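The lines below spell out each chain.
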Amino acid sequence: QVQLVESGGGLVQPGGSLRLSCEASGRTFSTYDMGWFRQAPGKGREFVAAITWTTSRTNYADSVKGRFTISRDNAKNTLYLLMNSLTPEDTAVYYCAVAYRWKSTGWALSDFGSWGQGTQVTVSS
């Protein structure tokens, strides 16, 4: 089973950028589709983005499309989330996870497992 550790969160001003990383242990990382979720204070965990293990396909929530980019480096066992044009509405704990199977749309929590512990992103002036 893969274990995931997120990093790269922090405090950023509106309009700024951050790159989150998710480092995986285990030799099978490169065979997993992966995703990012986030959970804002007082709200449920919501899908952000997903990527296939081959990096050939990506999927984004409408709220982040055009601003966030998911990528991965299988040689480094690392998943990334580049976040640009951040707004206070992006403030949340961000989690990475393994996808059980690829979907073109309608991602849900139940589609993922092996969650990391999360990294806090705060967008504020």
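Keep in mind the model is a prediction, meaning the values are calculated, not measured.

Student: For this particular structure, what's the right way to read the state of the cysteines?
Tutor: What we call a disulfide is simply a covalent bond connecting the sulfur atoms of a pair of cysteines. For the structure shown, the criterion picks out one disulfide. Residue pairing for cysteine 22: its cysteine sulfur links by disulfide to cysteine 96, the two sulfurs lying 2.0 Å apart. Between cysteine 22 and cysteine 96, the S-S torsion sits near 65 degrees, and that sign places the bridge as right-handed. Of the two residues, cysteine 22 is situated in strand S3 (residues 18–25) and cysteine 96 in strand S9 (residues 92–99); the sequence distance between them amounts to 74 residues. Taking the relative accessible area as the measure of exposure, cysteine 96 reaches 0% and is therefore buried.

Student: Is there a simple way to explain the nonpolar core in this structure?
Tutor: One recurring pattern in soluble globular proteins: nonpolar side chains tend to sit buried together. Core analysis: the largest hydrophobic core is formed by 37 residues, its most contacted members being Trp36, Leu79, Leu81, Met83 and Tyr94. Those elements giving two or more residues to this core turn out to be S3, strand S4 (33–39), strand S5 (45–51), strand S7 (68–73), strand S8 (78–83), S9 and strand S11 (119–123). If we ignore the near neighbours within four places in the chain, the residues touching methionine 83 are Gly16, Ser17, Leu18, Leu20, Arg67, Phe68, Tyr94 and Val121.

Student: Just to check I follow, could you spell out the pairing of S7 for this structure?
Tutor: Burial along S7 is one-sided: Phe68, Ile70 and Arg72 are buried, and none of Thr69, Ser71 and Asp73, which face the opposite way, are. The turn linking S7 back onto S8 is made up of four residues, and asparagine 77 within it adopts a positive phi angle of 55 degrees.

Student: Looking at this structure, I do not really get the environment of threonine 87. What am I missing?
Tutor: Looking at the element boundaries, threonine 87 is found in the loop between S8 and S9. Through-space distance from the C-alpha of threonine 87 to that of serine 17 is 9.8 Å; in sequence the pair is 70 residues apart. Those residues in contact with threonine 87, other than ones at most four positions away along the chain, are Arg67 and Val123.

About the thresholds
- Residues numbered from 1 in each chain as written.
- Predicted model: local features only at pLDDT ≥ 70, side-chain atom pairs only at ≥ 80, totals over all residues.
- Heavy atoms only, no water.
- Disulfide = S-S within 2.5 Å.
- Helix = DSSP H or I, 4+ residues; strand = E, 2+ residues; numbered from the N terminus.
- Buried < 20%, exposed > 50% of the residue type's maximum accessible area, 1.4 Å probe, protein only.
- Core = buried A, V, L, I, M, F, W, Y, C linked by side-chain atoms within 4.5 Å.
- Contact = heavy atoms within 4.5 Å.
- Pairing = 2+ DSSP bridges.

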